[in-house]
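Here is how the chains run, residue by residue.
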Amino acid sequence: QQQVKQSPQSLIVQKGGISIINCAYENTAFDYFPWYQQFPGKGPALLIAIRPDVSEKKEGRFTISFNKSAKQFSLHIMDSQPGDSATYFCAASMHTGNQFYFGTGTSLTVIP
Amino acid sequence: GAVVSQHPSWVICKSGTSVKIECRSLDFQATTMFWYRQFPKQSLMLMATSNEGSKATYEQGVEKDKFLINHASLTLSTLTVTSAHPEDSSFYICSAAGGGGYEQYFGPGTRLTVT
């Protein structure tokens, strides 16, 4: 059973546009929601993460929007650049040091 | 952020042999390390969780006798693929957590090809 559902599977955005990736979860015990960026042949790198006590977190061009009542969270990449082309994974975790439940990934392509 | 290294970055071995992959946390003490397997264009699949000094906890369907995990220190965990077969060919990634936080820091991955 997929604990975290992610959409879309792939996304093509023009340079300068906004990329939006969505995730949904069911388990209300989750209390940490990170987003990872992965380039081909590399390990995932933490982009940004949020706890459920805030509805939005912004770091540079990356913003997480969190809707606790809907059990959804999304990643917004503003002013998307070709260098942002990568696979993005959302994840959820409960308690410190516990396993992550990953979404299925979104392949983002930013075209010049 | 914290740095996790993996060695080797890629390895080719013959069917029936064993191969060991090392995962090191370079600048923090990792109380918990995780081992993942990733197939092309797929998500990360958790294989096992290991706490320093304890036996690893394997996910359902992962053969503990085939994928031996040792977490002997707070900075090193190893994954040994025993009697490797071509179907074990994959991208293996470790991550490390420590310091009481939620974050996991991922290694760069190891590409295993079994011929």
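Residues numbered from 1 in each chain as written. Chains lettered and ligands numbered in written order. Predicted model: local features only at pLDDT ≥ 70, side-chain atom pairs only at ≥ 80, totals over all residues. Heavy atoms only, no water.

Visitor: When you look at the interface of chain A and chain B in this model, what are you seeing that I'm missing?
Guide: Interface size is commonly expressed as the accessible surface area that is lost when the partners come together. Taken together, the contact between chain A and chain B spans 20 residues of the former and 20 residues of the latter. Both sides together, the interface formed by chain A and chain B hides about 1600 Å², and carbon and sulfur atoms give 60% of it. Where chain A meets chain B, there are 0 salt bridges. Applying the counting criterion to the chain A and chain B interface returns 6 residue pairs in polar contact (both at pLDDT 80 or more). The residue makeup of the side of chain A that touches chain B, split by class, is 7 nonpolar, 10 polar and 3 charged. (Contact = heavy atoms within 4.5 Å. Buried area = accessible area lost by both parts, 1.4 Å probe. Salt bridge = Lys/Arg side-chain N within 4 Å of Asp/Glu carboxyl O. Polar contact = N/O pair within 3.5 Å; in protein donor to acceptor, adjacent residues only side chain to side chain. Nonpolar A, V, L, I, M, F, W, Y, C, P; charged D, E, K, R; others polar.)

Visitor: What's the story with the pattern of salt bridges in this structure? I'm lost.
Guide: Residue and element names in this part refer to chain A. Using the criterion set out here, one finds 6 salt bridges over all chains in the structure. The residue R51 makes a salt bridge to D31 at a minimum N-O spacing of 3.8 Å. Of this pair, R51 sits in the loop between β5 (45-50) and β6 (56-59) while D31 sits in the loop between β3 (19-25) and β4 (33-38); the two residues are 20 residues apart in sequence, bridging distant segments of the chain. Salt-bridge contacts for R61 lead to D84; the nearest nitrogen and oxygen are separated by 2.8 Å. (Helix = DSSP H or I, 4+ residues; strand = E, 2+ residues; numbered from the N terminus.)

Visitor: How do you make sense of unusual backbone geometry when you look at a structure like this?
Guide: A negative phi angle is the norm for most residues apart from glycine, just as the trans form is the norm for most peptide bonds. Cis peptide bonds are those with omega within 30 degrees of zero, and the linkage from A:S7 to A:P8 qualifies with -5 degrees. The omega torsion of the bond from B:H7 to B:P8 falls at 0 degrees, within 30 degrees of zero and hence cis. Turning to its location among the elements, B:P8 is positioned in the loop between β1 (4-7) and β2 (10-13). Of note, the phi angle at A:K71 is positive, near 55 degrees, even though the residue is not glycine. By secondary structure assignment, the location of A:K71 is in the loop between β7 (62-67) and β8 (72-77).

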